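The lines below spell out each chain.
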Amino acid sequence: MKKVISIIALLMTTIFCFASDFRIISSEPEEDYYVIDDGKKVYFFLGWKKVYTTIPSECVSYDSDGYLKLTYNNRQLLVIEGEKVSHECGNFRTDGINQYDEFSTKAKEDGSYSRYHDYNVKKISATSYLKEKQYGKEIIYLPDNLFRNFLIGCRCHPYWWNDSHIPWVEGVKGNGIGESVTIEFTKEVYGISVLNGYTDINNMKLFKENARVKQLIISDLKNNIEKIVDFDDKVYFNYIEFDKPTDRIRLTIKDVYPGTKYQDTCISSVIENTNKPERDVEIKKYREETFENLLNNCKEVSPDSEYFKDYFNNFGQEVGLSAVVQKTEKYFQNILNRDYYYLDDTSRLDISTEDNVHYEFRVGSKNSKKQYKNGEAYYDVYGYKQLKIYNDDGTIAHHYTIIDTAYQIVSDYEFEPNTWRYAFFEHDTEFLKDDTEAIKKYFKVPDSTMDNGKKVQKITASSSLNEGTKIYSPENILTVYATSTYNDHNQKWSNKITPWVEGKKGDGIGEYIEFDIPAEIPYADIRILNGYVDPLKPHLYKENNRIKKALIETDTEGKKEIAFEDVPEFTQIALPYRTKHFKLTILDVYPGTKYQDTCITAIEIGVVQSEK
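Residues numbered from 1 in each chain as written. Predicted model: local features only at pLDDT ≥ 70, side-chain atom pairs only at ≥ 80, totals over all residues. Heavy atoms only, no water.

Caption draft 1: Summary view of the pairing of strand E17 (residues 211-220). Burial analysis of E17 places eight of its ten residues in the buried class, the great majority of the element. Bridging between E17 and strand E19 (residues 236-257) involves eight bridges; their strand directions are antiparallel. Bridging from a neighbouring strand, Asp 220 pairs with Ile 249 of E19. Sheet topology places E17 next to strand E18 (residues 225-230); six bridges connect them, and they run antiparallel. Along E18, the bridge assignment pairs Ile 217 with Ile 228. (Buried < 20%, exposed > 50% of the residue type's maximum accessible area, 1.4 Å probe, protein only. Helix = DSSP H or I, 4+ residues; strand = E, 2+ residues; numbered from the N terminus. Pairing = 2+ DSSP bridges.)

Caption draft 2: Here's a closer look at the sheet that holds strand E32 (residues 423-426). With antiparallel pairing, four strands are arranged side by side in an open sheet as E28-E29-E30-E32. This sheet does not close on itself; its edge strands, each paired only once, are strand E28 (374-379) and E32. Between one strand and the next, the sheet's axes are offset by a mean angle of 20°, whatever the strand orientation. Bridge count for strand E29 (residues 385-390) against strand E30 (residues 396-403) is six bridges, and the pairing is antiparallel. Looking across to E30, one finds that Lys 388 is bridged to His 399. (Axes fitted to C-alpha atoms, helices over the stretch in contact; angles between N-to-C directions.)

Caption draft 3: View of the pairing of strand E43 (residues 570-574). Taking burial as the measure, the five residues of E43 include five buried ones, the bulk of the element. With burial as the criterion, each face of E43 is covered, one bearing Phe 570, Gln 572 and Ala 574 and the other bearing Thr 571 and Ile 573. Here five bridges tie strand E40 (residues 524-530) to E43, and the two strands are oriented antiparallel to one another. Across the sheet, residue Asp 525 finds its bridge partner in E43, namely Ala 574.

Caption draft 4: Structural view of the environment of Tyr 190. Take Tyr 190: it is sitting in strand E16 (residues 180-196). According to the relative accessible area criterion, Tyr 190 is buried, its value standing at 16%. Sequence-wise, Tyr 190 and Glu 272 are 82 residues apart; in three dimensions their C-alpha atoms are separated by 7.7 Å. Those residues in contact with Tyr 190 that lie beyond four places of it in its chain are Tyr 239, Glu 241, Phe 242, Pro 245, Asn 273, Thr 274, Asn 275, Lys 276 and Pro 277. (Contact = heavy atoms within 4.5 Å.)

This is the structure we're talking about:
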């Protein structure tokens, strides 16, 4: 999907606990800055200057879209409040079109690293979820989305609003009464905060346009306790405290507020509370003491004073604007796995940012790199990664089709392997397959230089697909591309790629491929190009099955299951010391749109190199 998002501003959101008689609207403890509402006044503290000012609490109110806003001096700040958590968003949109990234529709496959705060979620499922087509792409409103509203941020701001987040939406006809989500946690929780409805700060009208939960049945499956919780019809975190600690819950829709446009009932987010009650008491006491100390140590001044004049001139965004500044820069959603790539033996691409929004791209050799400030990365209709880098005038400077790399470890290492195998194909057309000059540059008739499998010994498979004179044997995957230390311009790919395809009826579950590793390689890594990956015939990737889960067996440390992302990329698997035999067995697949055949395009044995 071609992804183009206009940059609004960086939305920094931080979770804070607060006492029940006042709410912290915004807080920067390291900078000694607080905005606190006690129900009568809103206090703005500049602790490092030992001053504060106040405005009436009437400046904080809910708008017609169901959102709470603090409005002052013809500027406004969006606040999503709650009993246990609160979020402040300085800049937002009141209208707009949703733009979805690939991460919002992917279910987490294992306990590996996640960009989201879902590490305490052991398992999540729903009785149904909505699928629909938007902007030429299938959007899946999975229950996993409940824990993807926030990205993992930095130490001082651990929670960042996920700008491309979508909610869980039930998938049955009508308003979804009786539909449910079941969540199993790794660690016991004492309560949850639920963000109801379709909460999207880039398109705020979606909250009222879709149905919202009015009553929710909360079932504690561990302790067999059930309660019914009422929700107000507004955007806020509704905190639900459990009678006993639990690690298994079910949320069931009992009643809804009907949407003005759609019947779909949505829940945007769940945040679990793992604090024991005594810890919550400590936090509440700390917040109360902080408020008291600020009042005692700061002098009250007028909102028009020199301390706050500039502050309120830049506070939030102007009332009536859909964006704080109307800019033309494109928001760069970084779907790439590295921050630099070698393009040839002297030139490389560097991708860097200081604020997670404004990216810079530098292309060229060490002494003659050209800098670009605008780019977009996206998945095309075939599932391949694309990167476009723009000149200042908006024209395309570079357009790459990318076969990226990710890694897995089948052992305990003190370092992460250095992921070197990747491919960048630069072209002038929308798709690489249509650029004849690029095809001449990167592809050729296969010959002896196609040596990616030169270190693989005695490769065999449990079965292979045979279509007349064409045999999809495991030997095919050893001669797909020429190898080099870096992904240089001399690296050529075969223009007649033929993968290994299992020959079993159905999806090939249980079929395997195995081979030996040379004794002279003490630490080996296996690079697997999963699926039918032929950049000149990109439609074949989704039309055929791809491996979703596989069992890895070695002669050194037994067995381990690994998960593959559904992306045309290398998965680099670091093996235990002195591994001599490798076996991969298919456990689960991503189904093809046209064929049931499960494929692997290429395999390469490399030597593990430490990033350190």
